[in-house]
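Observations on chain architecture
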Amino acid sequence: MITEMLERITIMGMLIENSGKNLTFTDLRSNLETLRNSRVDVIVQSGKLACLTPGALQTPYIGDAITSLGVGLPAREWELTPHAFRQWCSKMRVPTTYLANLADWASPVQFTELSRSIMDVHNTVEDKPLLLRCLMDTEQDEYICRAILSPSYSFIENFDVLTAVFDGLRIVRDEHGIGFEPGPASISDTHMRARVNMPQLNMAAEALLKDYTSPWTGKSGTDNPIVFMGIEIRNSEVGGAAFSLVPVVIIQVCNNGMTLTKDIFRKVHLGSPMEMGHVSKRTMTATMELITAQTVDKVVEIGNPEFLKAKVAEFMELKQPVQATVVHDYLKQAFDNERADQIFDDFISGGDTTAFGVAQAITSHSQGELITPDTALELDDAALNHAMILAGK
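Residues numbered from 1 in each chain as written. Predicted model: local features only at pLDDT ≥ 70, side-chain atom pairs only at ≥ 80, totals over all residues. Heavy atoms only, no water.

**Brief notes about helix α13 (residues 373–390)**
Its 18 residues give α13 an end-to-end C-alpha distance of 26 Å, which sits within 8% of 26 Å, the value for a rise of 1.5 Å per residue. Residue Ala382 marks the point of greatest curvature in α13, where the axis turns by about 40 degrees. Those residues of α13 that fall on the buried side of the exposure criterion are Pro373, Ala376, Leu377, Leu379, Asp380, Asp381, Ala383, Leu384, His386, Ala387 and Leu390. Just downstream of α13 lies Gly392, where phi reads positive at about 75 degrees. (Helix = DSSP H or I, 4+ residues; strand = E, 2+ residues; numbered from the N terminus. Expected span 1.5 Å × (residues − 1). Bend = angle between axes of the 7 residues up to and from the residue. Buried < 20%, exposed > 50% of the residue type's maximum accessible area, 1.4 Å probe, protein only.)

Structure follows, in structure tokens:
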């Protein structure tokens with residue numbers, strides 16, 4: 001059911017054509033502007049919700065709701081995204097897989113009716129306040145609920161995060177002389193991820209890359225041994241993750257990014273309860289100013305040449321030879337068979353038969369067209385951890 005729901009919602013267009021990986025910042029901005037113009041946030045008691053269709057919730061008339069059409073929202077049925085469906089199940093303590101199977105459109109009608117009854121009963125009995133983050137397109141008659149959160153969830157919009165971070169980057173450029181340029185970006189129904197490259201913060205890492213050949217470009221690390229710093233901007237508007245700034249070391253020959261999860265700056269989305277489904281302008285201004293200041297601090301920290309040297313030295317500790325059979329067996333335990341085989345192929349073709357070569361293979365695999373943005377995020381963040389295990393660190 002969840003997969004079918006996601007396919008329907010994608011076809012409906014509310015998460016728009018530009019969603020995916022390897023977006024330009026222009027595509028990303030267009031995406032975020034479309035979503036921002038379509039959003040509706042409402043706070044409602046669960047006891048006032050009704051489940052008329054499996055996997056959907058109807059809100060009552062809400063007089064103080066603020067939308068692009070003005071104040072007031074008529075009774076409306078919202079189809080839940082897979083993410084919102086899982087969040088509802090978590091809040092109501094209902095097993096997600098069980099309810100999803102009942103609500104599947106291919107299930108017998110008795111099952112789908114039971115799924116509606118379960119949602120109605122839990123909404124009524126729990127009767128808890130919920131924040132529904134929705135998207136609305138009245139012209140296409142499309143209404144989607146993309147998140148079900150606690151009203152205390154003080155969310156930060158992706159568009160606002162990008163604006164605040166780039167304000168910080170401009171301050172760093174003007175006051176500290178550290179330039180930046182947009183890198184690849186991605187967005188899914190749960191996460192935004194945007195990399196900013198800082199190519200002037202670079203060094204040659206011949207010993208680290210001498211054995212490596214990019215499966216994507218065919219170029220060797222011997223001919224192009226440059227690594228440079230960058231920073232990833234991450235955020236979730238729907239309770240998928242906190243706003244984060246993640247330092248990343250980019251391997252120029254292949255564009256692989258080694259995300260430094262130990263050095264993440266993270267801010268949890270949890271603040272004072274919302275009023276009438278919106279955040280005050282004063283609170284938002286203060287939040288954006290804080291993000292700008294935090295960006296300056298983090299970029300100045302990683303802008304120190306010693307930071308990159310220290311990270312390359314840590315990578316060198318992973319240049320421990322590992323037998324191909326050991327890597328193969330390890331990958332089979334860490335991933336499903338298909339993914340393990342694909343990563344192993346990248347490991348062999350990359351030529352670096354060390355534990356660090358495994359990290360290279362994982363981050364190379366994550367760039368594939370068929371890898372979803374959320375899966376790519378998980379792979380990239382885990383790459384160095386897998387290498388450390390194989391190196392015995």
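**Focus on the packing of helix α3 (residues 82–92) against helix α4 (residues 96–103)**
Two numbers describe how α3 lies on α4: the axes approach to 10 Å, and their chain directions differ by 125 degrees. Relative to α4, the element α3 is oriented oblique. Helix-helix and strand crossings are classified by hand; for α3 and α4 the assignment is right-handed. Contacts between α3 and α4 pair Phe85, Arg86, Trp88 and Cys89 from the former with Thr96, Leu99 and Ala100 from the latter. In terms of residue class, the contact of α3 with α4 is made up of five nonpolar, one polar and one charged. (Axes fitted to C-alpha atoms, helices over the stretch in contact; angles between N-to-C directions. Parallel < 35°, antiparallel > 145°, perpendicular 65-115°, else oblique. Left-handed = near helix turned anticlockwise from the far one by under 90°. Contact = heavy atoms within 4.5 Å. Nonpolar A, V, L, I, M, F, W, Y, C, P; charged D, E, K, R; others polar.)

**Brief notes about the side chain of Thr112**
Positionally, Thr112 belongs in helix α5 (residues 109–126). Dropping the residues within four chain positions of it, Thr112 is found in contact with Pro54, Leu102, Ala103, Asp104 and Ser107.

**Focus on the pairing of strand β6 (residues 76–80)**
Here strand β3 (residues 56–59) runs beside β6; their pairing, made up of four bridges, is antiparallel. Among the inter-strand pairings, Gln58 is bridged to a residue of β6, identified as Glu77. (Pairing = 2+ DSSP bridges.)

**Focus: the packing of aromatic side chains**
Counting across every chain of the model gives five aromatic pairs. Taken together through their ring pairs, the aromatic side chains of Phe25, Phe166 and Phe180 make up a single cluster. In this structure, Arg36 packs its charged tip against the face of Phe159, placed 3.9 Å from the ring centre. Sitting over the ring of Tyr143, Arg76 keeps its end group 4.3 Å from the ring centre. (Phe/Tyr/Trp six-rings, centres within 6.5 Å; stacked < 30°, edge-to-face > 60°. Lys NZ or Arg CZ within 6 Å of the ring centre and 35° of its normal.)

**As for the pattern of salt bridges**
Enumeration according to the criterion identifies 20 salt bridges in this entry. Between Glu126 and Lys128 there is a salt bridge; the shortest N-O distance is 3.9 Å. Among the charged side chains, a salt-bridge network with shared partners connects Arg193, Glu232, Arg234, Asp380 and Asp381. (Salt bridge = Lys/Arg side-chain N within 4 Å of Asp/Glu carboxyl O.)

**Some words on the confidence of the model for the protein chain**
On average, the protein chain scores 85 in pLDDT, and the residues at 70 or more come to 88%. Low confidence marks residues 1–14, where pLDDT is under 50. Its contacts with residues over four positions away, or in another chain, come to 39 contacts. This model gives residues 268–277 a pLDDT under 50, and the stretch forms 27 contacts once residues within four places in sequence are excluded. (pLDDT = per-residue confidence, 0-100.)

**Considering helix α2 (residues 25–38)**
In this model, α2 (14 residues) spans 20 Å end to end at C-alpha, consistent with the 20 Å of a helix rising 1.5 Å per residue. Every buried residue of α2 is accounted for by Phe25, Leu28, Asn31, Leu32, Leu35 and Ser38. Around the axis of α2, the buried residues are gathered within 155 degrees of arc, so they sit on the same side. (Arc of directions from axis to C-beta.)

**Considering the environment of Phe25**
Tracing the chain through its elements places Phe25 in helix α2. Between the C-alpha atoms of Phe25 and Ala194, which are 169 residues apart in sequence, the distance is 8.0 Å. Discounting residues that sit within four places of it in the chain, Phe25 has contacts with Leu162, Phe166, Pro182, Gly183, Ala185, Ala194, Arg195 and Val196.

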